[in-house]
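# Coordinates in review
Spelled out, the chains give:
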Amino acid sequence: MNKHIKTAETEFSVLNLIQKRWSPRAFANKPVSETDMHTILEAGSWAASSSNEQPWKYVYAMKGTPGFEVLWNCLMEGNQGWTQQAAVLMVAIARKKFIRNGRDNVHAEHDLGMSNATMFLQAVSMDIYPHPMGGFFPDKVREALSLPDDEKPVCMIAWGYLGDPETLDEKNKQSEVQPRSRRHFSEFSQKI
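Here's a quick rundown of the structure. Numbers given for residues are sequential positions, taken from 1 along each chain in its written order. The predicted nature of this model means local features are confined to residues of pLDDT at least 70 and side-chain atom pairs, given and counted, to a pLDDT of 80 or more, with totals for whole chains, interfaces and linings taken over all residues. Side-chain figures throughout are based on the complete set of non-hydrogen atoms in the structure, without hydrogens or water.

### Quick look at the pairing of strand S2 (residues 88-95)
Across the eight residues of S2, eight count as buried, placing the element largely inside the fold. Exposure classes here rest on a 1.4 Å probe applied to the protein chains alone. A residue is buried below 20% of its type maximum, exposed above 50%, and partly exposed in between. Helix and strand assignments follow DSSP, with helices taken as H or I runs no shorter than four residues and strands as E runs no shorter than two, numbered in order from the N terminus. Side chains Val88, Met90, Ala92 and Ala94 of S2 all project onto a buried face; the interleaved residues Leu89, Val91, Ile93 and Arg95 project onto the opposite face, where all are buried too. Relative to strand S4 (residues 151-160), S2 runs antiparallel, the two being bridged by eight bridges. When the sheet's bridge partners are listed, Arg95 is paired in S4 with Glu151. DSSP-based pairing: two strands are paired if at least 2 bridges between them are found.

### Side note on the pattern of salt bridges
When their charged atoms lie close together, side chains carrying opposite charge are able to pair. Put simply, a salt bridge is a Lys or Arg side-chain nitrogen that is within 4 Å of an Asp or Glu carboxyl oxygen. Overall, the coordinates contain seven salt bridges when judged by the stated rule. Across the pair Asp127 and Lys20 runs a salt bridge whose closest N-O atoms are separated by 2.7 Å. Here Asp127 is found in the loop between helix H5 (108-125) and strand S3 (129-133), whereas its partner Lys20 is found in helix H1 (residues 16-20), with 107 residues between them in sequence. Taking the shortest distance from any N to any O, the salt bridge between Glu151 and Lys57 comes out at 3.0 Å. On the criterion of sequence distance, the pair formed by Glu151 in strand S4 and Lys57 in strand S1 (residues 56-62) is long-range, its members being 94 residues apart. By relative accessible area, which is 33% here, Lys57 ends up partly exposed. Because the salt bridges share partners, they merge into one network encompassing Glu53, Arg95 and Arg100.

### Digging into a nonpolar patch on the surface
Like charges are joined within 9 Å and nonpolar side chains (Val, Leu, Ile, Met, Phe, Trp, Tyr) within 5 Å, but only among residues with over 30% relative accessible area and no salt bridge; these make up the patches. All accessible-area figures derive from a Shrake-Rupley calculation using a 1.4 Å probe, and residue coverage is judged against the displayed protein chains alone. Taken together, the side chains of Phe12, Phe185 and Phe188 present a nonpolar region at the surface, about 340 Å² in accessible area. Among the secondary structure elements, Phe185 is positioned in the segment after helix H7 (170-177).

### Some words on the nonpolar core
Side-chain atoms within 4.5 Å are what join buried Ala, Val, Leu, Ile, Met, Phe, Trp, Tyr and Cys residues into a set we call a nonpolar core. One finds Met37, Ile40, Tyr58, Met90, Ile128 and Trp159 to be the most contacted residues of the largest nonpolar core, which totals 25 residues. Sorting the residues of this core by element identifies helix H2 (34-45), S1, S2, H5 and S4 as the ones contributing at least two each. Ranked by residues supplied to this core, first place goes to H5 with five residues. If sequence neighbours within four positions are ignored, Tyr58 has contacts with Leu41, Met90, Val91, Ala92, Leu112, Ser115, Asn116 and Met119. One finds Phe27, Phe136, Val141 and Leu147 within the second-largest nonpolar core, a separate group that totals 20 residues. A contact between two residues is defined here by any heavy atoms of the two lying within 4.5 Å.

### Some words on the packing of H2 against H5
For any two helices packed against each other, the geometry comes down to the angle between their axes and how far apart the axes lie. Their axes nearest at 7 Å, the elements H2 and H5 cross at an angle of 140°. Between H2 and H5, the interaxial angle falls into the category oblique. Judged by the twist between their axes, the crossing of H2 over H5 is right-handed. Packed against H2, whose contacting residues are Thr39, Ile40, Leu41, Ala43 and Gly44, the element H5 presents Ser115, Thr118, Met119, Gln122 and Ala123 at the interface. Classifying every residue of the contact of H2 with H5 gives five nonpolar, five polar and no charged. A fitted line through C-alpha atoms serves as each axis, taken over the contacting stretch for helices, and the angle formed by two N-to-C directions is quoted from 0 to 180°. Roughly parallel here means an angle under 35 degrees, roughly antiparallel means over 145, roughly perpendicular means 65 to 115, and every remaining angle is called oblique. Take the far helix as your reference; a near helix turned counterclockwise from it by less than a right angle gives a left-handed crossing, and one turned clockwise gives a right-handed crossing. When residues are grouped by polarity, Ala, Val, Leu, Ile, Met, Phe, Trp, Tyr, Cys and Pro land in nonpolar, Asp, Glu, Lys and Arg in charged, and all others, Gly among them, in polar.

Shape is all these values report; function is a separate question.
Given below as structure tokens:
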């Protein structure tokens, strides 16, 4: 098996886990244990959030289970092919109201993203790689999981160990093996 890790080339010395984190499409045929998923989820619980609200909810399922099929059926076609090999599928949900007072939490999606990022770094430290996706049908997720109105499906995430890019179709294989790139930080930051 080809463990194709795409380490980021950075101008400044950033954490190794940040350099190592990327979103693969090729996953190995290897399960992620329940204990490892619990470790990843616990890491997410320690993310910063407005008023310590922790306005996130994660629903996940292991490959080969009925729940995996339920979540897989909520993905857009372009994500269905390669996600079949993922060990775990997950939907990340933001709770739009504060529990303590019922008011709108305008920071909920930001805070969910903080939890996601924390989980991603924990997972990569365990050689488990996440691939977040916007290509899914939120209404299908809402219906399949009977979500209340104040819970918003924000993204779906495929999790697993790195696999061989040769197992992918040509389009996804090219994305898998091309070098990583990012805009230079000077394009999105300004010192005043």
